[in-house]
Amino acid sequence: MNPDHYEFTLAINLTPEEQDLSVLFSGEGRPLPGHTIGPSVHDFYLIHTVLEGGGLFECGTFAAECRAGDTFVIIPGSLFSYKADLDTPWHYAWVALQGIGVLDLLRAVGITKDQPFIRSGEGNAAELHSLYERIRQAFKQSAYPRLESLEASGWARLLLHQLGRNNLAALPPNPSGMPEMIDRQIDQAIRWITLQYHQQISIDHLASSLGYHRVHLSKAFKQRTGMSPKQYLLKVRMDKAKELLASPLTIEQVASSVGFNDALYFSKQFRKATGMPPSEYRAGLRNGNEKETGGSNI
């Protein structure tokens, strides 16, 4: 029991190894009236959500009276303090994060150094509480701490997602100038092509799957990328083929790997795109590597 809290629970990650986002620890507590932390700084990100009661959070020039459902975030290096209310001290849950991707993820849900706060409303407190509990429960002190760490980081991402859903009004507007739904569909089309280039992709089927007529999709796609979907697919395939031609795969295997059942047709398309057949491109790669390593021995 923490002497400054009526209740205090803490779970610690034994192997916080994920570079993008990793949970360091997570906890929950009911501090005594007037209980104060800071002024201090941390070298990790610390997210608190108020479940009941209230208190005051200050960070730099920012200050907010917090109540149930609200979330405040401490950014590494920022001077902060927070204090439980004297009459109805808060009951809160927290999670500490580290990783090179955390700052971008926080920005995606509307949290910045100047605005480290989300006013969610009391109705959202229970759902957020359950996500914090899931994070703590991930650390079961089992024989597989790395699996625990992976599970905890997954729940932390879901927590950030829910915070973003609660903070939609503060999120930046869609920057592309295209209607948001169309922009989202183009993102999906680009992603689909980038991941499924090795399949027999039909642009008609792609448009139908996204709910658009082929002509409409092609127009919006070209507005975003400067290419039609068919041109973009060919570019992705040719770029990947160039990478694979540096490997020991045969021309037929390279062709199959980038979505061409006919190696001869692949060679014609490759020559059209690069100005040389795959075999000549591969020879150029090998000659270049020999020059870099000083050539062959005489």
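Residues numbered from 1 in each chain as written. Predicted model: local features only at pLDDT ≥ 70, side-chain atom pairs only at ≥ 80, totals over all residues. Heavy atoms only, no water.

J.: So, the overall build of the protein: which residues are in play, and what are the values?
T.: Scanning the protein for helices and strands turns up 10 helices and 10 strands. Looking at the protein as a whole, 42% of its 298 residues are labelled buried. Put simply, of all contacts in the protein between residues at least 6 apart along the chain, 70% involve residues at least 24 apart. Carbon and sulfur atoms provide 52% of the accessible area of the protein, an area that totals close to 16,700 Å². (Helix = DSSP H or I, 4+ residues; strand = E, 2+ residues; numbered from the N terminus. Buried < 20%, exposed > 50% of the residue type's maximum accessible area, 1.4 Å probe, protein only. Contact = heavy atoms within 4.5 Å. Areas by Shrake-Rupley, 256 points an atom, 1.4 Å probe, with all protein chains shown as cover.)

J.: A description of the side chain of Asn166 should follow, citing residues and the corresponding values.
T.: Among the secondary structure elements, Asn166 is positioned in helix H3 (residues 145–166). Here Asn166 falls in the buried class, since its relative accessible area comes to 16%. Once you skip the residues sitting within four places of it in the chain, Asn166 turns out to touch Ile118, Arg119, Ser120, Asn124 and Leu128.

J.: Let's hear about the nonpolar core: which residues, and what values?
T.: Ranked by size, the top nonpolar core spans 29 residues in total, and within it Ile193, Leu217, Phe221, Val258, Phe266 and Phe270 carry the most contacts. The greatest single-element share of this core, amounting to 6 residues, is contributed by helix H7 (residues 229–244). With residues up to four places along the chain from it excluded, the contact list for Leu217 reads Ile186, Leu206, Ala207, Leu210 and Tyr212. Of all hydrophobic cores here, the second largest spans 26 residues; its members include Val109, Ile111, Leu128 and Ile135. (Core = buried A, V, L, I, M, F, W, Y, C linked by side-chain atoms within 4.5 Å.)

J.: Summarise the packing of helix H2 (residues 125–138) against H3; cite the residues concerned and give the values.
T.: H3 packs onto H2 with a crossing angle of 165 degrees between their chain directions and a minimal axis gap of 8 Å. As far as their axial angle goes, H3 and H2 are roughly antiparallel. Note that H2 runs across H3; the crossing there is left-handed. Along the contact surface, H2 presents Glu127, Leu128, Leu131, Tyr132, Arg134, Ile135 and Ala138, while H3 presents Glu148, Glu151, Ala152, Trp155, Ala156, Leu158, Leu159, Gln162, Leu163 and Asn166. Grouping the constituent residues of the contact of H2 with H3 by class yields 11 nonpolar, 2 polar and 4 charged. (Axes fitted to C-alpha atoms, helices over the stretch in contact; angles between N-to-C directions. Parallel < 35°, antiparallel > 145°, perpendicular 65-115°, else oblique. Left-handed = near helix turned anticlockwise from the far one by under 90°. Nonpolar A, V, L, I, M, F, W, Y, C, P; charged D, E, K, R; others polar.)

J.: How would you sum up unusual backbone geometry? Please name residues and give values.
T.: A cis amide bond links Gly38 to the next residue, Pro39, at an omega of 5 degrees. Examined against the element boundaries, Pro39 turns out to sit in strand S3 (residues 36–40).

J.: Tell me about the environment of Gln19, and name the residues and values.
T.: Its place among the elements puts Gln19 in the loop between strand S1 (5–12) and strand S2 (22–31). On the basis of relative accessibility, which here comes to 63%, the residue Gln19 falls in the exposed class. When sequence neighbours within four positions are dropped, the list of residues in contact with Gln19 reads Gly99, Ile100 and Gly101.

J.: Talk me through the pattern of salt bridges; I want residue IDs and the actual numbers.
T.: Considering all chains together, one arrives at 10 salt bridges under this definition. Where Asp70 meets Arg119, a salt bridge forms, and the shortest distance between an N and an O atom there is 2.5 Å. Of this pair, Asp70 sits in the loop between strand S6 (62–67) and strand S7 (71–74) while Arg119 is found in the loop between strand S10 (117–118) and H2, placing the two residues 49 residues apart along the sequence. Between Glu151 and Lys140 there is a salt bridge whose closest N-O contact spans 3.8 Å. With Glu151 in helix H3 and Lys140 in the loop between H2 and H3, this residue pair connects regions lying 11 residues apart in the sequence. When its relative accessible area of 32% is taken as the criterion, Glu151 is described as partly exposed. Judged by its relative accessible area of 57%, Lys140 is exposed. (Salt bridge = Lys/Arg side-chain N within 4 Å of Asp/Glu carboxyl O.)

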